Structure formats: C-alpha cells, structure tokens
Amino acid sequence: MNTPADIWKVVLTLLEKRLQPVTIDAWFDDLTAVEFKDDTLLLHTPDKFKKEIIDQRYLSIIKDALRDLFSADIDVIITTGEAPAPIAHSNYPEDEYTFEQFIVGSSNKFAHAAATAVANNPAKNYNPLFIYGQSGLGKTHLLYAIASVVRRDHPSFRIVYIKGEDFTNELINAIGEGQVQEFRDKYRLADLFLVDDIQFVAGKDRTQEEFFHTFNALYEAHKQIVLTSDRPPKEIHTLEDRLKTRFEWGLLADIQPPDYETRMAIIHVKADSLGVHLPDEVVDYIAKTITSNVRQLEGTVKKIKALHDLMERDIDLSLAKEAVTDIFKENPGLNPTPEMIIREVSRYYCIPVEKLQGSGRSKDMVLPRQVAMYLVREMTDYSLPEIGKVFSRDHTTVLHSINKIENYLKETSEMDNIIKTLKANIRG
C-alpha cells in the first residue's frame, strides 16, 4: 500500500461497511487520491457541489476509516476543478461499442444518425432521444457509443448509465435504507443520463413517480437524456401517460431487424475482428438463417471460431449449421415465438395447447388465454391482428385481453409474479 490510490482503495472498502452502495456511487465515484504526505491525504473531485456535500456529510467518516487503517489521525483535504470524470455505474468495453464498430444499414440508419447528433451536441437537438426496437438489434451499442463520444469531448461531464430494472431495484434498496436523497442526487446530477430498457419501470407506481421527477429535473437543467425500449412509448401499456408524453417530447427513432446485405456486413466485420475467414457459402447461410438478431449473428461467428480453434475443424457449411443450432439452443429466449409462449402458458396452467387456442369460454380457460395473449404482445413484435390470428380471434378481443391483464398487474402482486415466472421460463 505505497501509493495514494492504494490507500484510497482500502478506505473505500472500509466505507462500504458504513455507507450504502448508492451513496458511494453518488458522491465518491469520481473522487481520486492525489497525494499522501505529512499525515494528510489529498483527494480531488471535478465537481464543486460534490466537494461541499462530502465536506459536510462524509469527511468525518472518511477520517474515521483512515484512523482505523493507520491507527492515527489523518487529515483530509479535498480539492476541486477540471479533471476527467469516469462513467458512473457502467462497465463496458469502450473499444467494441463505438460508432465506428456499428454497422449501418437501411434498418438502423435513422437511429444511428440521431445518436450521432446527440453525441456531438448533447442536449442541443433531440432531448430526450428515445430509441426502440426488439432485443439484439444494437440499442445498447448506440447508448455506449454516445457515452464514448461525450466522455471524449466533455471529460468533466458526469455520465450515468442504468438499466430500467436496476433503477427500480436501487430505489427499493434506497427506500429500505433511508437513502432516498442520495439516490436522487446520484441521477439528478447527471449531465448525460442513459437508461436501457426503460419499459421495465412501467407498472411500478413508486418507480414511475421517482423517474418522472428525475426526468423533469434533468430536462429543466438542459441535460441530455437517452432512453431505449423494446417498443415505442404509446405501446408500453402500463406506463403512466405523463411519462409517455415526456418520452415523446424529443425524437423517437426505431431500429428494425437488419436486411440481408446488412447481415452479411455484420458477419464479415465480426469475422475480421476475430481474425477468422468465413467462406462465402457460410456467410450466406448464416445471413439467411438468422434474420432478426444482431447478437445471434455475432454469437454464431464466435461459435464457429471456437469450434475451429478448439476442435480443429474445417470451417464449412456443416460447421456453420452446427454453430447456428448451438446458438439457438444456448439462447432460446432471444426470439421467443408465439408457439413457445403458448406452450409454456399451457404447461404452467396445466391446460392443453389446443384448448388454450380454442373457442372455450370457461373461466379456467379465459384467464390463461388472456395471459398468453399478453405475453405474445410483450415478448414478440406481433401486431394485434397477428396475435388474433394465432388465437383465432379478432384484434379487439386481443386488446381487451391485454387490458385485462394490465389491470390485474396494477391490482395484485400475484399476477405480477405469474408474469415474471412465465417470462423466466420462456426465456430459459
């Protein structure tokens, strides 16, 4: 433990025993140790407000930790000013998730252009930016790319990245530990606020209330907000209207599944990055077999390389077919089909599939059927009329069923548990 950084690392470990993680994230994330000399630890933060808060609330706790460490009184001085600030609450491979590594095609060109505009001029053009599309198409990639550019061009910016579900979990912990103010400070002091899968805050009253005020605070302070979701705001049925309205204030940009040419380009770029050569027939087979998920395209190339390197097998069409099969087995929930969902609901409720899709109207059939319709809507990109065809019903019946389940979710935790269990089973 020779350097100031070493000392500060141990102090943070001691602080974790006395303070909540949300507190440490909010106030100490960009605090760095500069010097340790003459029984004085010099710390630095680029944020003057943070310095004031730490001096007022936490300086004595830091000194206590240093006393425990050195068995002596250590003075602490905190300086402020310009200094690079790291991304908060995110660990991602910066070199991989950049705009340069994002393959642009007709299906994502608009979202890419919007994300680039926001990265180059945060809070100037499109605020909020709302990017939506099904899983595995590059929404998170664009979030990270925005963060990388902003971090490069605005090193003093505080950048906060969070998943919608984690926002809820952190709020629950903050309420339980009486740390709600620290929770609010963490997010409302951001210069760039990135939220992945915002749809997971829907249907949770306290979470939506907290997010509403966080959104307002950042928007009014002219801070950039970027959100992603698997659907546009108006289709997040359990989302409060006031949040839907705010999400639509800025720019909505959708990402569609890549076309054949874009899929080919993605495969080639991934293969080049891994240093593996794929024959044309292999690239063609992958592009024609995996049509709606970029993550699966890249996963297949990785699988081929692993089979080639570890098993010393030739890269040919046979190996490609095996790799594709393995990818679908490893990730069955990436693209759940209505058939998969219906089968799982049938198993859960112990009802034959044909009755679930049949015309029976008994009470023990109606609710499971409504649950199945709701899950198909939630977990696939099927439209209401398309779902109706699956169940031999019109789209108004489907909409009625979805609304029924959404009302149940608001009224009882039992339905929420059922939906969560079914989703986990389907994805597993």
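Residues numbered from 1 in each chain as written. Predicted model: local features only at pLDDT ≥ 70, side-chain atom pairs only at ≥ 80, totals over all residues. Heavy atoms only, no water.

*Asks:* Help me understand the UniProt feature "domain: Chromosomal replication initiator DnaA C-terminal" (unreviewed entry) in the protein chain, please; the structure alone is not making it clear to me.
*Replies:* In the UniProt entry, the feature "domain: Chromosomal replication initiator DnaA C-terminal" (unreviewed entry) is given for residues 337-405. Within residues 337-405, the helical portion is 74% and the strand portion 0%, while the C-alpha atoms at the span's ends are 20 Å from each other. (UniProt positions renumbered as here; feature names shortened; annotations may be inferred. Helix = DSSP H or I, 4+ residues; strand = E, 2+ residues; numbered from the N terminus.)

*Asks:* What is the right way to look at the pairing of strand β6 (residues 192-196) in this model?
*Replies:* Across a regular strand the side chains alternate sides, sitting on one face of the sheet and then on the other. Burial analysis of β6 places five of its five residues in the buried class, the great majority of the element. In β6, alternate side chains face the same way, and those of Leu 192, Leu 194 and Asp 196 on one face and Phe 193 and Val 195 on the other are all buried. Inspection of the sheet shows strand β5 (residues 159-163) paired to β6 by five bridges, in the parallel sense. Bridged to Ile 162 within β6 is Val 195. (Buried < 20%, exposed > 50% of the residue type's maximum accessible area, 1.4 Å probe, protein only. Pairing = 2+ DSSP bridges.)

*Asks:* What am I meant to see in the confidence of the model for the protein chain here?
*Replies:* Close reading of the predicted structure is inappropriate where its pLDDT is low. Across the protein chain, the average pLDDT comes to 85, with 93% of residues at 70 or higher. Across residues 82-93 the pLDDT falls below 50, and counting only partners more than four positions away or on other chains, this stretch makes 35 contacts in the model. (pLDDT = per-residue confidence, 0-100. Contact = heavy atoms within 4.5 Å.)

*Asks:* Explain the UniProt feature "binding site: ATP" (unreviewed entry) in the protein chain to me, please; I cannot follow it from the model alone.
*Replies:* Here, UniProt's "binding site: ATP" (unreviewed entry) annotation points to Gly 136, Gly 138, Lys 139 and Thr 140. With respect to the helices and strands, the residue Gly 138 is situated in the loop between β4 (129-132) and α5 (139-153). Overall, the relative accessible area of 19% leaves Gly 138 in the buried class. In contact with Gly 138, other than residues within four places in its own chain, are Phe 102 and Ile 255.

*Asks:* I tried to follow helix α10 (residues 260-274) on my own but got confused; where do I start?
*Replies:* The periodicity of an α-helix, 3.6 residues per turn, causes residues three or four places apart in sequence to face the same way. Counted at 1.5 Å a residue, the expected span for α10 with its 15 residues is 21 Å, and the 21 Å between its end C-alpha atoms agrees. Taken residue by residue, α10 has Thr 262, Arg 263, Met 264, Ile 266, Ile 267, Lys 270 and Ala 271 as its buried positions. Of the surrounding elements, those touching the buried residues of α10 are α11 (280-289) and α12 (294-311). Immediately beyond the C-terminal end of α10, within one or two residues, lies Gly 275, with a positive phi of roughly 70°. (Expected span 1.5 Å × (residues − 1).)

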